[in-house]
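# Structural overview for review
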Amino acid sequence: MRAVLFCQIFVLLICTGLLRTKIESSLALRQPFESTIKLPSARFVKFTTMGFDQLVFDLYWLNFVQYVGDDKRNVDHYDRAQNYLDLLTTLDPQFVPSYFFAAFILGSERKEPSVAEKFIDLGIAANTDNWLLPFIAGVNQYLFAHNELKAANYYRLAAKFPNAPKWLGPQAEILQAKIPSTIKEINVWDSIYNNASDSAVKERARLKLVVLWTHVYKTSPSRQISHRALTQLENLGARMPNISAPNP
């Protein structure tokens with residue numbers, strides 16, 4: 001009975017701590033940067049969870065999602081994202097969406113693909129049966145580190161998994177081939193769009209594909225390619241009020 005009571009008190013303390021952080025975040029609106037409020041270290045949190053890793057992870061995940069979606073991120077430039085991701089990947093290294101955010105927040109928004117790479121490599125080591133981790137690593141290398149060779153190597157690693165999609169192997173060859181960079185980029189964003197489980201990541205990929213296919217439509221001299229671009233835009237639900245079919 002005492003053990004149950006202790007657990008309940010412990011969980012209450014965690015919730016109270018997170019609520020306090022949220023309140024402090026609101027008060028920090030008067031300060032120049034929200035990043036003045038520091039998160040606890042992953043090592044400390046792991047030591048104090050008393051076996052309730054998943055519950056604590058869920059609380060921090062909800063807080064992280066709110067943090068990422070807050071309109072103040074253009075002020076602090078996701079300054080606390082690395083600490084959040086350190087906490088999340090320590091508490092639950094099997095949770096794949098964390099690594100998508102590592103790529104898109106650290107690699108893209110923070111312009112720190114090497115930091116994202118370290119997180120994702122740890123994810124690969126912790127998920128030895130999941131092709132999505134080396135796939136995410138390849139995305140980070142191609143789109144944000146601009147290293148096509150390293151991206152292709154990660155894609156080949158992902159392709160070795162028994163349940164990996166068949167397009168991964170050919171995609172690795174495409175990344176190294178001497179073909180227009182726009183086509184390579186479309187292939188990468190398309191793979192993200194079709195495989196991301198997080199709605200925010202999926203929507204980001206959709207919007208990027210709309211931009212890329214619109215560029216292909218407007219610049220392609222081939223009617224066949226223009227028609228394909230138009231079809232892709234329609235499938236993506238893009239609004240095209242100023243796009244008209246090219247002359248034959």
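Refer to the structure printed above.
Anyway, here's the lowdown on the structure attached to this text. (Residues numbered from 1 in each chain as written. Predicted model: local features only at pLDDT ≥ 70, side-chain atom pairs only at ≥ 80, totals over all residues. Heavy atoms only, no water.)

## Observations regarding the overall build of the protein
Put simply, the rule reads: Only DSSP runs of H or I covering at least 4 residues are called helices, and only runs of E covering at least 2 are called strands; the numbering of each starts at the N terminus. For each residue, the accessible area found with a 1.4 Å probe, counting protein chains only, is set against the maximum for its type, and the residue is called buried under 20%, exposed over 50%, and partly exposed in between. Contact definition: two residues touch when any of their heavy atoms are within 4.5 Å. Areas reported here follow the Shrake-Rupley algorithm with a probe of radius 1.4 Å; residue values treat only the protein chains shown as occluding.
Helix and strand counts for the protein stand at 13 helices and zero strands. Ordered by position from the N terminus, the helices and strands of the protein form the series α-α-α-α-α-α-α-α-α-α-α-α-α. Burial status across the protein gives 44% buried among its 248 residues. Sequence-distant contacts, at least 24 apart, represent 58% of the contacts inside the protein between residues at least 6 apart. As presented, the protein carries roughly 14,200 Å² of accessible surface, and 58% of it is formed by carbon and sulfur atoms.

## Focus on the packing of aromatic side chains
Here is the rule we go by: Side-chain rings of Phe, Tyr and Trp (the six-membered ring for Trp) are treated as a pair once their centres are within 6.5 Å; stacked means planes under 30 degrees apart, edge-to-face means over 60, and tilted covers the remaining angles. The rule for a charge over a ring is simple: NZ of Lys or CZ of Arg within 6 Å of the ring centre, and within 35 degrees of the ring normal.
Considering all chains together, one arrives at 14 aromatic pairs under this definition. Seen from their ring centres, Phe57 and Phe95 are 5.0 Å apart, and the 70 degrees between their planes marks the pair as edge-to-face. With Phe57 in helix H3 (residues 53-69) and Phe95 in the loop between helix H5 (81-91) and helix H6 (97-109), this pair connects stretches of sequence that are 38 residues apart. Ring centres 5.7 Å apart and planes at 75 degrees place the aromatic pair Trp61 and Phe101 in the edge-to-face group. One end of the pair, Trp61, is in helix H3; the other, Phe101, is in helix H6, with 40 residues separating them in the sequence. Of the residues examined, Phe101 reaches a relative accessible area of 7% and is grouped as buried. A connected cluster of aromatic rings, assembled from ring pairs, spans Phe57, Trp61, Phe64, Tyr67, Tyr84, Phe95 and Phe101. The ring of Tyr193 carries Lys202 above its face, with NZ or CZ at 4.6 Å from the centroid.

## Structural notes on the packing of helix H7 (residues 113-126) against helix H8 (residues 132-144)
Any two packed helices are characterised by the angle at which their axes cross and by the distance between the axes. To keep things clear, this is the line we draw: Note on geometry: axes are lines fitted to C-alpha atoms, helical ones only across the stretch in contact, with angles between N-to-C directions running from 0 to 180 degrees. Should an angle fall under 35 degrees it is called roughly parallel, over 145 degrees roughly antiparallel, and 65 to 115 degrees roughly perpendicular, with every other angle called oblique. Three classes are used: nonpolar for Ala, Val, Leu, Ile, Met, Phe, Trp, Tyr, Cys and Pro, charged for Asp, Glu, Lys and Arg, and polar for all others, with Gly counted as polar.
Running from N to C, H7 and H8 cross one another at 170 degrees; their axes reach a closest spacing of 9 Å. Taken together, the axis directions place H7 and H8 in an arrangement best described as roughly antiparallel. Of H8, the residues touching H7 (which contributes Pro113, Ala116, Glu117, Ile120, Gly123 and Ile124) are Leu133, Pro134, Ile136, Ala137, Asn140, Gln141 and Phe144. Classifying every residue of the contact of H7 with H8 by side-chain character gives nine nonpolar, three polar and one charged.

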